[in-house]
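Listed here are the chains, written in short residue letters.
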Amino acid sequence: MVHARVPGTKGLENYLAIFGSREKKLLQAEPSWLTHLRKTAIERFSNLGFPTAQNEYWKYTNVAPIAETRFDFVPNQTLPEISIQQLETFMFGHPEWPRLVFVNGKYLESLSSQTSQTDHLRISNLRSVLGSGSKVFESYLARIASFEENSFAALNTALMDDGAFIYIPEGKVLDKPIHLMFVSLTQNGALTSQPRTLIVAGKNSKVRVIESYASLCGGSYFTNAVTEVFVGENASVEHYKLQRESERAFHIGTTEAYQSTGSKLASFSIDLGGKLVRNNLTVGLHEEGSECELNGLYYVSGEEHVDNTTFIDHPKPCGVSRQLYKGLISGKGRAVFFGKVYVHKNAHHTDAAQTNKNLLLSEGATVDTRPQLEILNDDVKCTHGAAVGQLDEEMIFYLKTRGIGDREAERLLSYGFAREVIERVRIEAVRTELDRLLLARLQDCAYFAWRDRMKK
Amino acid sequence: MVNQAKALIDREYKWGFVTNVEADAAPKGLSEEIIRFISKKKNEPAFMLEWRLNAYRRWIKMEPPTWQHVYYPPIDYQGIIYYSAPKLKKDRPKSLGEVDQEILETYEKLGIPLEEQKRLVGVAVDAVFDSVSVATTFKEKLAERGIIFCSFSEAVQNHPDLVQKYLGSVVPYADNFYATLNSAVFSDGSFCYIPKGVRCPMELSTYFRINAADTGQFERTLIVAEEGSYVSYLEGCTAPIRDVNQLHAAVVELVALEGATIKYSTVQNWYPGDKNGKGGIYNFVTKRGKCAGANSKISWTQVETGSAITWKYPSVILQGDHSIGEFYSVALTNNHQQADTGTKMIHIGKNTRSTIISKGIAARFGSNTYRGLVKVMPKAENARNYTQCDSLLMGDKCAANTFPYIEVLNRSAKVEHEASTSKISEDQLFYLRQRGISPENAVSIIINGFCKEVFKNLPMEFAVEASKLLGVSLEGAVG
Amino acid sequence: MNLMLEIKNLHVSIEGKQILKGIDLKISAGEVHAIMGPNGSGKSTLTQVLAGNEKYEVTKGEVIYQGKNLLELSPEVRAREGVFLAFQYPVEIPGVSNAYFLKAALNEIRSAKGLEEMDAVEFLELLKEKMKLVEMDSSFTNRPVNEGFSGGEKKRNEILQMAVLEPTLGVLDETDSGLDIDALKIVAQGVNRLRRKDRSFLVVTHYQRLLNYIIPDFVHVLVGGRMVRSGGKDLAFQLEEKGYDWVKVEPEVSEEHVK
């Protein structure tokens, strides 16, 4: 991804200044490899600048509102008292799951539970590892999510202050999912958080990780998250990202995964909130016979803008990738999907299938979709499909003849459309919660559709 | 049909001979003087010169596009001859009898005899040799119905009002780098006007031939179909084998008024370069049609087998309500050929429909990219699009890319895109071989089946024409 | 009698897995042999190997067909020499009409025999006549090969092809599977009309049902990649009655006794 450089935007200056003010302190506290990494990253960020529409990968998503807002970065802020009860609504009814809680990017030990700090299993916050001299941490951090062409990843790498580090050693199977909760709480002034997550799953291990991004009291803020996932040989990772930021929030997320021989990754990206959202998801099937399954569901309403940009890289033979992204767009919402599947010369027996489907639920809802296949090997089976449409009128009619009202019919059918993704969720509690959230949001949808009709 | 695909995949270029005619050419390079020279040579009215100069002044400030998935060294635009015409006994041949015998023989060799008695009934041909039109057949017969079919130069002389009205109305002179270059220097091409309510009684065709070395070919075609009229049009192209690359930057504009239908078919067979990628035509073409009136229809069918590089996106602007746009394409890239081709369907009017069927075949080192835009504008109620793109790969050095762009700004739109990429199925090959068919023929049978949806859209009259151009026969002779 | 096909100690594997473990079989001209066996016994493998599918690896043994080493020949040469396989799962070939495909095949086989190619008119006449044999309606000619055909239509299409190409050795791989009784009769009748003194058949089936209509001269039972029994047509009835366990158990028992 090559970003056209736009020097001198307000945001750029702002972040350079933030880095400058932190640099000295970090230099003293952190190992030299990390300081070096941060310096390289801020330099890259400064060179790349914020992407503009000239950049093919940002053609449909304008990040000027982010670039032009002066967000404060205060990792060590004083937070008001937050009780665990306030977070319960985000916990899928399972407070016993291992949990790390971050508020405005700051780790709160008092709200976290079941963490583990040993070399045999790490479920800990990033900051606690920084000084630990962990070799695993050093050898994986920033090795998977490249910031060479991604200015948001560069910014996060330069500024990251805390986040999660999960290390599952060889052969370990974790039965409980790990829940990472990134909660925003707006006080005075617009804040940014730069959470960083590193997941390393050793050979033959199994782990499930849920990342939740949520807001406690609404308001405007900017989350710039980066997650790196290493899936070891024959390991299996399920990764869930549930984004329900406030309706005024900006969320840019970069998730990159490296897959080893015979490994399996199932990824779920669920967007139910945010004003301007962009998810970059990159999965590299870097070793033979690895498989990934990427699922996405986005519900875009009001004047929200949600962009899912995914890249599936097939450099080695016998890789299998499956992708299904579905979207419901209502109000004046805009959804963007860009999905590239790249099959290298040597990647014979690649099997890739990609689908993106969108339902437009109201006047003013728009969508841009670009599935892309780039194939340099002849011994492959690759397909992609994209569709944009509306609810089937015959189906609505059918439901109506059975006595179901207009709004309810729309709601049912939209729900049915989205179910295909939700059904793939393997954790029952998450599936149930998504069901509930979706139905709750669909009432908005019916509301918007109804309002639009009133306007006519 | 068997032979056709065989010829497609593994053939020698049969149209690579050079005709020895004296040419009347401009000096190499491009400047305002050259443009004035071209305009003067063609005895053009002032509006034409002004249009060309506007384009030229615009062009010198433009950069060549870089987003397409093709690679070639920078073109030296000052090394090209922008005007080359076979030297004629008089200014223009008034009848076929006056066309240089060498040129008539060239077209005979190409399988396009220009003498009317030898022609297929029902096909009128405009033959463009390097920069100028050398002959148009069946002109008088068409004129009886009020149809104008002539070279662009003649149209400028005889129908300046029509030219002025429609030239640049679909592809403005500032449209893109190559179209702007074309607007500045285009030397000839075909012009076609179908009056209100007339169904053109025969297929019209233009046959393009690049002959001279170091020349670029910059023809411009303009077709206007008035209310309720119908025309089917075919273009074919060949060029001699030369080991330097030659530039072909054409512009085609189609205007379909209310209830009119234009069917435009292309069999593009420019010299593709040799096995090592030396030589060949750079085919950088802008083709666009406008469904200006309600219930109008524009249908593009292309069979792209030639050229070192093909860069073209025959498009339809669906402005009229209930208008229809279609794009059927077969693009084959063999050896070192590269193609970045597809279409744009811009839905503006209400209840507009478009269909895109694209079949790409990449063999050896060939690179084949489908790039297509389907855009539904905010007021385009009930727009419908169906797109299907399939790619076949033959050999492990080739590449196939599928890059659709779908932009929907109206909620009532239904847009569907499906694509697949695979190699020829081993099971299909085995099945055919078990019935005694050789592996080569089995491959070509499968490829022809793969392309059938596109081939069947070529007009019947041109099925024969196309097969001659490809040196092959179409399926349908049996069964 | 004139020996047409001889299979000697044939061992075949696919992706490293041994499927056939030493098959011996002799078929003389004019004979109909049936091979029966449970699922996974290697029946289809045998037919694919005879037709020359390169997915299968012959690890040992030989196949002599009309005095030639069949295994050395490419699939199309085998077809031109008269080996025809009616596939269990005929593939679909989109966009290629049935008639065109068959004409191409017939003319390749004819020219290999030194015969003149058949022109479109002659061919269509021949095709029409052969189609009556399997009761196919004329719309089949223009439809793409096997595309959108029902299971029964595909099988009838295989027999039609056999009737047009007139092979010397017809190999039928579970041609009866998925057919209702009427379709089965049509297919069997098609095969029976093709029986000749100089033409042999190898009919592979899971059920005895087909053999009520195509009466075999010999029946062989294939289990676990080996021929465990051979006999006359009565063997098929015995199998139908007693099931495959009957033949499966017996050789194992006898081996036990040897020990």
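Not measured: the values here are computed from a predicted model. (Residues numbered from 1 in each chain as written. Chains lettered and ligands numbered in written order. Predicted model: local features only at pLDDT ≥ 70, side-chain atom pairs only at ≥ 80, totals over all residues.)

(A) Looking closely at the overall build of chain A. Helix and strand counts for chain A stand at 10 helices and 21 strands. Referenced to the eigenvectors of the C-alpha coordinate spread, the extents of chain A come out at roughly 70 × 55 × 45 Å. Scored against the burial criterion, the 456 residues of chain A give a buried share of 52%. In chain A, the proportion of contacts linking residues at least 24 apart, taken out of those at least 6 apart, comes to 83%. (Helix = DSSP H or I, 4+ residues; strand = E, 2+ residues; numbered from the N terminus. Buried ≥ 20, exposed ≤ 12 C-beta atoms within 10 Å, placed from the backbone. Contact = placed C-beta atoms within 7 Å.)

(B) Focus on the sheet that holds strand β1 (residues 3–14) of chain C. Residue and element names in this part refer to chain C. Taking strand neighbours across the sheet as the criterion, the 4 strands line up as β2-β1-β4-β5 in an open arrangement whose pairing is antiparallel. Each edge of the open sheet is held by one strand with a lone partner, namely β2 (17–28) and β5 (68–69). With 7 bridges connecting them, β1 and strand β4 (residues 57–65) associate as antiparallel partners. Considered in β4, the bridge of L5 is made with Y65. Here helix α1 (residues 43–51) sits on the sheet in contact with β1, β2 and β4, set at roughly 70° to β2. (Pairing = 2+ DSSP bridges. Axes fitted to C-alpha atoms, helices over the stretch in contact; angles between N-to-C directions.)

(C) Expanded view of the interface of chain B and chain A. Opposite the 29 residues of chain B that make contact, chain A presents 30 residues. Secondary-structure elements contributing two or more residues to the side of chain B that touches chain A are β21 (384–394), β22 (399–408) and β23 (414–423) of chain B. Within the side of chain B that touches chain A, the residues separate by chemical class into 14 nonpolar, 8 polar and 7 charged. The pairing of strand β21 (residues 380–389) of chain A with β23 of chain B spans 8 bridges and is classified as antiparallel. Bridge pairing in β23 of chain B places A387 of chain A opposite E416 of chain B. (Nonpolar A, V, L, I, M, F, W, Y, C, P; charged D, E, K, R; others polar.)

(D) How the structure looks around the interface of chain B and chain C. Taken together, the contact pairs 24 residues of chain B with 30 residues of chain C. Examining the composition of the side of chain B that touches chain C, we find that 8 residues originate from one element, helix α10 (residues 439–455) of chain B, more than from any other. Here the residues of the side of chain B that touches chain C sort into 10 nonpolar, 8 polar and 6 charged.

(E) The arrangement of the sheet that holds strand β6 (residues 83–86) of chain C in detail. Residue and element names in this part refer to chain C. Overall, mixed pairing links the 6 strands, which are arranged β6-β9-β10-β3-β11-β12 in an open sheet. Strands with a single pairing partner mark the edges of an open sheet, and in this sheet they are β6 and β12 (226–231). Ignoring strand direction, the axes of neighbouring strands in this sheet form an average angle of 20°.

(F) Quick peek at the pairing of strand β10 (residues 200–205) of chain C. Residue and element names in this part refer to chain C. β10 sits mainly inside the fold: 6 of its 6 residues count as buried. Residues S200, L202 and V204 point to one face of β10 and F201, V203 and T205 to the other, with burial holding for every one of them. Pairing analysis gives 5 bridges linking strand β3 (residues 32–36) to β10, with the strands arranged parallel. Bridge pairing links I35 to V204 in β10. As defined by bridge partners, strand β9 (residues 169–173) adjoins β10 across 5 bridges and the pair is classed as parallel. Within β10, the position partnered with L172 by the bridge is V203. Handedness of the β-α-β unit built from β9, helix α6 (residues 181–194) and β10 comes out right-handed. (Right-handed = clockwise from strand over helix to strand, strands pointing away.)

(G) Region of the structure containing helix α4 (residues 120–133) of chain C. All names here are of chain C. When the terminal C-alpha atoms of α4 are compared, their 20 Å separation across 14 residues agrees well with the 20 Å that a helix rising 1.5 Å per residue should span. Those residues of α4 that fall on the buried side of the exposure criterion are F123, L127 and K130. One side of α4 holds all its buried residues, which, seen down the axis, span an arc of 70°. Relative to its buried face, α4 has exposed residues pointing more than 90 degrees away, namely V121, E122, E125, K128, E129 and K132. The secondary structure elements touched by the buried residues of α4 are α3 (98–112) and α5 (151–165). Count one or two residues on from α4 and you reach E135, which has phi positive near 50°. (Expected span 1.5 Å × (residues − 1). Arc of directions from axis to C-beta.)

(H) View of the confidence of the model for chain B. Residue and element names in this part refer to chain B. Scored by pLDDT, chain B has a mean of 83; 79% of the residues are at 70 or more. Here residues 1–9 is modelled with pLDDT under 50, and outside its nearest four sequence neighbours on either side it reaches 31 contacts, counting other chains as well. Taken as a whole, residues 467–479 scores under 50 in pLDDT and shows 38 contacts with residues more than four places along the chain or in a different chain. Taken together, the chains of this predicted complex give a pTM of 0.84 and an interface ipTM of 0.85. (pLDDT = per-residue confidence, 0-100.)

(I) Looking closely at the pairing of β9 of chain C. The buried fraction of β9 of chain C amounts to 5 of the 5 residues, a majority that puts the element mostly inside the structure. Here β9 of chain C shows two buried faces, one formed by L169, V171 and D173 of chain C and the other by G170 and L172 of chain C.

(J) Focus on unusual backbone geometry. Even without glycine at this site, Q114 of chain A takes up a positive phi of about 60°. Using a count of 14 C-beta atoms within 10 Å as the deciding quantity, one classes Q114 of chain A as partly exposed. Phi is positive for N43 of chain B, which is not a glycine, with a value near 55°. Its location among the elements puts N43 of chain B in the loop between α2 (32–41) and α3 (46–59).

(K) Summary view of the nonpolar core. With 321 residues, the main nonpolar core has I166 of chain A, A225, A256 and I262 of chain B together with V171 of chain C as its most contacted residues. No other element matches α10 of chain B, which puts 9 residues into this core. Residue contacts for A256 of chain B: discarding those within four places in its chain leaves A225, T261, I262, G289, K290, C291, A292, G293, S296, K297 and I298 of chain B. (Core = buried A, V, L, I, M, F, W, Y, C linked by C-beta atoms within 7 Å.)

(L) How the structure looks around the environment of D234 of chain C. All names here are of chain C. The residue D234 is located in helix α7 (residues 234–242) in this model. D234 sits in the exposed class, given 9 other C-beta atoms within 10 Å. Put simply, D234 and L71 are 163 residues apart on the chain and 32 Å apart in space, counted from C-alpha to C-alpha.

(M) Expanded view of the environment of R38 of chain A. Residue and element names in this part refer to chain A. Relative to the elements of secondary structure, R38 occurs in helix α2 (residues 32–48). Judged by local crowding, R38 falls into the buried class, with 21 C-beta atoms found within 10 Å. For R38 and L26, which are 12 residues apart along the polypeptide, the C-alpha to C-alpha distance reads 9.6 Å.

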